[in-house]
Amino acid sequence: MTLPTSPPGAARRHDIDALRALAFLLVILYHVGMYYVADWPWHLKSPHAADWLPWPMRVLNLWRMDLVFLISGVSLGFLSRGQGTWGLLRSRGLRLMLPLAFGMAVVVPYQAYAEGVARGLVAPGFGTFLLRYLSMGAPWPKGAFAGAEFGITWNHLWYLPYLFLYTAGVALTLPLWRSAAGQWVRRRFNGLRGWQLLVLPALPLLVWTMLLARHFPATHNLVWDFHLHSIYFTVFLYGYWMGVDTGIWRELERLRRVSLLLAVAAIGAFIALRVGAKAPPTGLLMDVLRNAYLWLAVATILGHGHHYLNRPWPWLRWANESVYPWYMLHQTLIVAGVAVLAPLALGPVWEPVALVAVTIAGCWLLTDGLIRRVGWLRPLFGLKRKAEVAVVTPPALASASSMPRPPAPEWHSPSPRA
């Protein structure tokens, strides 16, 4: 999402902006990897599937979306200052639900079509498919595409309704978070230092995993995804509490090397226990290692980001306004790229390289050449209208309460969480 121009003298969390943009570049690689990773379900699967690829994908996937939701919570901490419940719901609803509806109707259908054709359950002919898809009439064959049982799907856009749900949860309870008790909880969390900051935030995640993971495996079904909701909403709250606080960010920066070493140790032990096992091991030890690594990896990224990225990089302004459209477009472009490149038989090295290049080029051309230039398209891709972008807060009105606010990151796609 785009940002207002910074008034002179106002602080700006460039590290949050930069992490959001850089994480998305990783997402493109991740979703290209989903086409090649062996044994993980995705819309299409390559004949060049690599048996070694699940491990680096799993190492990434254990914290990927958790980091995104935490940064979204940080953004809400900035956005909620000076706004009430209904103002937050109205602004966030428009910025999240309108692109979701448009994406489900226009951007996502080709993914479902390509998946259905590849499975032999949908007849070739995208126009015919689209008419049936948008009418939500006759039911699709079972398993035709992800979400076929509902007649329409959000595929990789699932992040948007999840984020709106968590945002609404905080917005509707703003009086609680602004009460003396709510402020006490925030101060206690932001007051964590040393080993407490590296250990205690992982404990609620461990409890949710022990109680819910085996009963509610990840489905990205908004109604029944209780385990992922518990994890994602918890880290979302962490980000909301951290928001504008300065002490906890300095502490994460100070601990960044320690958290990195501990994260490597946790994932190393996790992998060592899984390698060679006939079935993925379960139990308390694996849950401890999984959630310790999750939090330590997130803490490491935040700490290093605050140390190295909190400066006005020349590319940040462009990246801030490009991330949302790129998020909406990238997975459909990957699937379309597969349809173009697969018949060329480029092999297991040049094909993924070409697929990444095609996806990035398509995102750039459509965003910079069309979406950012056409006024009515901008809100459909989560961007503010040009008139809103042009508004600059006069210096005389700039204050701590009107400080520029980092945008909420919007991207990503489901895959197994190890």
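Keep in mind the model is a prediction, meaning the values are calculated, not measured.

Participant: Would you take a moment to explain the overall build of the protein chain for this structure?
Facilitator: Each helix and strand counted, the protein chain has 18 helices and 0 strands in total. In the protein chain, buried positions account for 54% of the 418 residues. Taking the intrachain contacts of the protein chain between residues at least 6 apart in sequence as the baseline, contacts between residues at least 24 apart amount to 77%. Split by element, the accessible area of the protein chain, about 18,300 Å² in all, is 71% carbon and sulfur.

Participant: I would appreciate a short explanation of the environment of Phe236 in the present structure.
Facilitator: Tracing the sequence through the fold places Phe236 in helix H12 (residues 226-242). Put simply, Phe236 and Val68 are 168 residues apart on the chain and 8.6 Å apart in space, counted from C-alpha to C-alpha.

Participant: Where do I start with the pattern of salt bridges in this structure?
Facilitator: In a structure, side chains of opposite charge can pair up when their charged atoms sit close to one another. Going through the model one piece at a time under the given rule, you end up with 8 salt bridges. With a shortest N-O distance of 3.1 Å, Asp287 and Arg214 are connected by a salt bridge. Here Arg214 lies in the loop between helix H11 (202-212) and H12 and Asp287 lies in helix H15 (residues 284-308), a separation of 73 residues in the sequence. You can call Asp287 buried: its relative accessible area is 4%. Measuring nitrogen to oxygen at the nearest pair gives 2.7 Å for the salt bridge that ties Glu251 to Arg254. Here Glu251 and its partner Arg254 are both found in helix H13 (residues 247-254), 3 residues apart, which amounts to about one turn of the helix.

Participant: Sorry, what's going on with the confidence of the model for the protein chain here?
Facilitator: Parts of the model with low pLDDT should not have their predicted coordinates read in detail. Mean pLDDT over the protein chain stands at 88; residues scoring 70 or higher make up 90%. Mean pLDDT across the secondary structure elements of the protein chain bottoms out at helix H18 (residues 386-390), with 65, and peaks at helix H10 (residues 195-199), with 98. Low pLDDT, under 50, characterises residues 1-10; the predicted model gives this stretch 34 contacts beyond four residues in sequence or across chains. Across residues 391-416, confidence stays below pLDDT 50; counting only partners more than four residues off in sequence or on other chains, it has 95 contacts.

Participant: Help me out: how do you make sense of the packing of helix H4 (residues 85-107) against helix H16 (residues 316-341) in this one?
Facilitator: Each pair of packed helices can be described by the angle between their axes along with the distance between the axes. Two numbers describe how H4 lies on H16: the axes approach to 11 Å, and their chain directions differ by 25 degrees. The pairing of H4 with H16 is recorded here as roughly parallel in orientation. For the pair H4 and H16, the sense of crossing is right-handed. For the pair H4 and H16, contact is made by Arg95, Leu96, Pro99, Phe102, Gly103 and Val107 and by Tyr324, Met328, Leu329 and Thr332, respectively. Taken together, the residues of the contact of H4 with H16 sort by class into 7 nonpolar, 2 polar and 1 charged.

Participant: Explanation requested: a nonpolar patch on the surface in the structure shown.
Facilitator: Judged by side-chain polarity, Leu344, Leu346, Val349, Trp350 and Val353 come together as a nonpolar surface patch covering roughly 520 Å² of accessible area. Looking at the secondary structure, you find Leu344 in the loop between H16 and helix H17 (347-371). Judged by relative accessible area, which is 53%, Leu344 ranks as exposed.

Participant: Would you mind going over helix H9 (residues 180-190) with me for this structure?
Facilitator: It helps to recall that an α-helix has 3.6 residues per turn; residues three or four apart then point in one direction. Along H9, the residues that are buried comprise Gly182, Arg186, Phe189 and Asn190. What you see down the axis of H9 is that its buried residues fit within an arc of 95 degrees, all on one side. H9 presents Ala180, Arg187 and Arg188 as exposed residues on the side facing more than 90 degrees away from its buried surface. Against the buried residues of H9 lie helix H8 (174-177), H12 and H13.

Participant: Help me understand helix H3 (residues 64-79) in this model?
Facilitator: For H3, spanning 16 residues, the distance from its first C-alpha to its last is 23 Å, which sits close to the expected 22 Å at 1.5 Å a residue. Here H3 lies mainly inside the structure; 16 of its 16 residues are buried.

Participant: How do you make sense of the side chain of Asp287 when you look at a structure like this?
Facilitator: At a separation of 3.0 Å, a polar atom in the side chain of Asp287 contacts the side chain of Arg290. When near neighbours in sequence (up to four residues on either side) are disregarded, Asp287 contacts Leu206, Thr209, Met210 and Arg214.

Participant: Would you mind showing me how to read the packing of aromatic side chains here?
Facilitator: Ring pairs (aromatic) are described by centroid distance and by the angle formed between their planes. In the structure shown here, the tally under the stated rule is 34 aromatic pairs. Ring geometry for Trp224 versus Phe226: centroids 5.9 Å apart, planes at 90 degrees, classification edge-to-face. In this structure an aromatic cluster arises from ring pairing among Phe69, Trp158, Tyr159, Tyr162, Tyr166, Tyr232, Phe233, Phe236, Tyr324 and Tyr327. In this structure, Arg58 packs its charged tip against the face of Trp55, placed 5.0 Å from the ring centre. Lying across the ring of Tyr240, Arg186 places its NZ or CZ 4.8 Å from the centre.

Participant: What's the story with the packing of H16 against H17 in this structure? I'm lost.
Facilitator: At a minimum axis distance of 7 Å, the contact between H16 and H17 shows a crossing angle of 135 degrees. Between H16 and H17, the crossing angle belongs to the class labelled oblique. In the crossing of H16 with H17, the sense of the turn from one axis to the other is right-handed.

Reading the values: rules and limits
- Residues numbered from 1 in each chain as written.
- Predicted model: local features only at pLDDT ≥ 70, side-chain atom pairs only at ≥ 80, totals over all residues.
- Heavy atoms only, no water.
- Helix = DSSP H or I, 4+ residues; strand = E, 2+ residues; numbered from the N terminus.
- Buried < 20%, exposed > 50% of the residue type's maximum accessible area, 1.4 Å probe, protein only.
- Contact = heavy atoms within 4.5 Å.
- Areas by Shrake-Rupley, 256 points an atom, 1.4 Å probe, with all protein chains shown as cover.
- Salt bridge = Lys/Arg side-chain N within 4 Å of Asp/Glu carboxyl O.
- pLDDT = per-residue confidence, 0-100.
- Axes fitted to C-alpha atoms, helices over the stretch in contact; angles between N-to-C directions.
- Parallel < 35°, antiparallel > 145°, perpendicular 65-115°, else oblique.
- Left-handed = near helix turned anticlockwise from the far one by under 90°.
- Nonpolar A, V, L, I, M, F, W, Y, C, P; charged D, E, K, R; others polar.
- Patch = residues over 30% accessible without salt bridge, like charges linked within 9 Å, V, L, I, M, F, W, Y side chains within 5 Å.
- Arc of directions from axis to C-beta.
- Expected span 1.5 Å × (residues − 1).
- Polar contact = N/O pair within 3.5 Å; in protein donor to acceptor, adjacent residues only side chain to side chain.
- Phe/Tyr/Trp six-rings, centres within 6.5 Å; stacked < 30°, edge-to-face > 60°.
- Lys NZ or Arg CZ within 6 Å of the ring centre and 35° of its normal.

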